[in-house]
Amino acid sequence: MPTPNTTPDPMAEPVARSYEAVLASIEAELKTGRIKVGDQLPGERALALKHGISRASVRDAIRVLDAMGVVRTAVGSGPRSGAVVIANPSAGLAATLRLHMATSHFPVSDIVQTRIMMETWAAVEAAAQPRERAREAELGKLLRAMDQPNLDREEFHVLDAAFHVQLSSLAGNAVITSMMESLRSAIQGYVSAAIDSDERWEEIVPALRVQHERILEAVLANDGDRAAQELKSHIEWFHQQTLPLP
């Protein structure tokens with residue numbers, strides 16, 4: 001009886017294993033510094049030859065890196081074309097969170113609790129260390145922008161998100177800042193859709209303005225405990241005002 005051919009067929013290798021080789025290689029080169037932010041990755045043909053895989057698998061890897069916020073792709077020629085290494089971790093995290101929230105795998109209530117944990121910690125840290133006057137002034141500028149009469153609701157949400165992210169960034173923790181950016185981006189659409197009318201929004205927004213003022217006041221007074229409590233109350237109060245979310 002003929003002996004079965006046990007030689008692996010390279011064409012039968014799972015596609016995931018093909019493009020994961022490119023991901024692992026780029027990760028290793030980023031760690032060692034051979035590739036840095038701003039560098040252009042080798043072309044599809046060069047990467048395919050280097051890893052012994054198809055150009056289609058290389059394209060899969062580049063698409064994954066793009067979605068993760070590790071590269072930016074552009075057509076054309078020159079140093080800004082092809083896949084260029086960037087550093088935008090919040091983009092990939094936000095996209096992942098939005099998708100899992102859409103499947104109800106991450107309930108919005110759990111996201112809110114996570115925000116409370118991170119933002120209250122960041123507020124305590126921010127209140128306890130020296131801060132740049134320019135960054136304090138920027139937070140005040142955001143609050144003044146949110147105070148403008150007849151401000152569009154969506155514009156308010158954008159300013160609100162910027163305020164919370166910048167406030168958390170005062171803690172000086174890059175991971176917390178990226179997580180905050182991704183969390184705010186992930187829930188912004190849901191929050192916007194949860195308020196059922198402009199009339200309801202007009203009832204809510206005055207309290208939000210007062211709460212923001214109290215939060216910033218506590219941080220600037222170096223009172224971390226009060227800032228954390230104000231933030232917790234603010235986030236919980238707003239979540240309670242919205243309609244049930246998916």
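Residues numbered from 1 in each chain as written. Predicted model: local features only at pLDDT ≥ 70, side-chain atom pairs only at ≥ 80, totals over all residues. Heavy atoms only, no water.

### Details of helix α9 (residues 198-220)
With 23 residues, α9 ought to run about 33 Å at 1.5 Å a step, and its terminal C-alpha atoms sit 33 Å apart, in line with that. Of all the bends in α9, the greatest, near 30°, is centred on Ile 204, and the proline Pro 206 appears no more than four residues after it. When we look at burial in α9, the residues that qualify are Trp 201, Ile 204, Val 205, Leu 208, Gln 211, His 212, Ile 215, Leu 216, Ala 218 and Val 219. For α9, the secondary structure elements touched by its buried residues are α5 (108-128), α6 (133-146), α7 (153-169) and α10 (224-241). Positive phi appears at Asn 222, one or two residues downstream of α9, with a value of about 60°. (Helix = DSSP H or I, 4+ residues; strand = E, 2+ residues; numbered from the N terminus. Expected span 1.5 Å × (residues − 1). Bend = angle between axes of the 7 residues up to and from the residue. Buried < 20%, exposed > 50% of the residue type's maximum accessible area, 1.4 Å probe, protein only. Contact = heavy atoms within 4.5 Å.)

### With respect to the packing of α5 against α10
Running from amino to carboxyl end, α5 crosses α10 at an angle of 160°, the nearest separation of the two axes being 8 Å. By the angle between their directions, the pair α5 and α10 is classed as roughly antiparallel. Relative to α10, α5 is oriented so that their crossing is right-handed. Residue-level contacts link Val 108, Ser 109, Val 112, Arg 115, Ile 116, Glu 119, Thr 120, Ala 123, Val 124 and Ala 127 of α5 to Gly 224, Ala 227, Ala 228, Leu 231, Lys 232, Ile 235, Glu 236 and His 239 of α10. By residue class, the composition of the contact of α5 with α10 is 10 nonpolar, four polar and four charged. (Axes fitted to C-alpha atoms, helices over the stretch in contact; angles between N-to-C directions. Parallel < 35°, antiparallel > 145°, perpendicular 65-115°, else oblique. Left-handed = near helix turned anticlockwise from the far one by under 90°. Nonpolar A, V, L, I, M, F, W, Y, C, P; charged D, E, K, R; others polar.)

### Comments concerning the confidence of the model for the chain
Residues with a pLDDT of 70 or more make up 83% of the chain, whose mean pLDDT is 83. The lowest-confidence element of the chain is helix α4 (residues 89-102), averaging 72 in pLDDT; the highest-confidence one is α6, averaging 95. Predicted confidence for residues 4-16 stays below pLDDT 50, and this span has one contact to residues more than four positions away or in other chains. (pLDDT = per-residue confidence, 0-100.)

### Notes on α5
Here α5 is 21 residues long and its end C-alpha atoms lie 30 Å apart, about the 30 Å a rise of 1.5 Å per residue gives. Those residues of α5 that fall on the buried side of the exposure criterion are Val 108, Ile 111, Val 112, Arg 115, Ile 116, Met 118, Glu 119, Thr 120, Ala 122, Ala 123, Ala 126 and Ala 127.

### Quick word on the nonpolar core
Counting 24 residues, the largest nonpolar core has Phe 156, Phe 163, Leu 167 and Trp 201 as the members making the most contacts within it. When contributions to this core are tallied by element, the ones reaching two or more residues are α5, α6, α7, α9 and α10. For this core, the leading source of residues is α9, giving eight residues. Look past the residues within four positions of Phe 156 in its chain and what remains in contact with it is Met 146, Leu 151, Trp 201, Val 205, Leu 208, Arg 209 and His 212. Counting 16 residues, the second-largest nonpolar core is a separate cluster that includes Val 22, Val 58, Val 70 and Ala 83. (Core = buried A, V, L, I, M, F, W, Y, C linked by side-chain atoms within 4.5 Å.)

### Describing the environment of Met 68
You can see Met 68 is positioned in the loop between α3 (55-67) and β1 (71-74). Residue class for Met 68 comes out partly exposed when judged on its relative accessible area of 43%. Spatially, the C-alpha atoms of Met 68 and Leu 93 are 7.2 Å apart, while their sequence positions differ by 25 residues. Once residues lying within four places of it in the same chain are set aside, the contact partners of Met 68 are Asn 88, Pro 89 and Gly 92.

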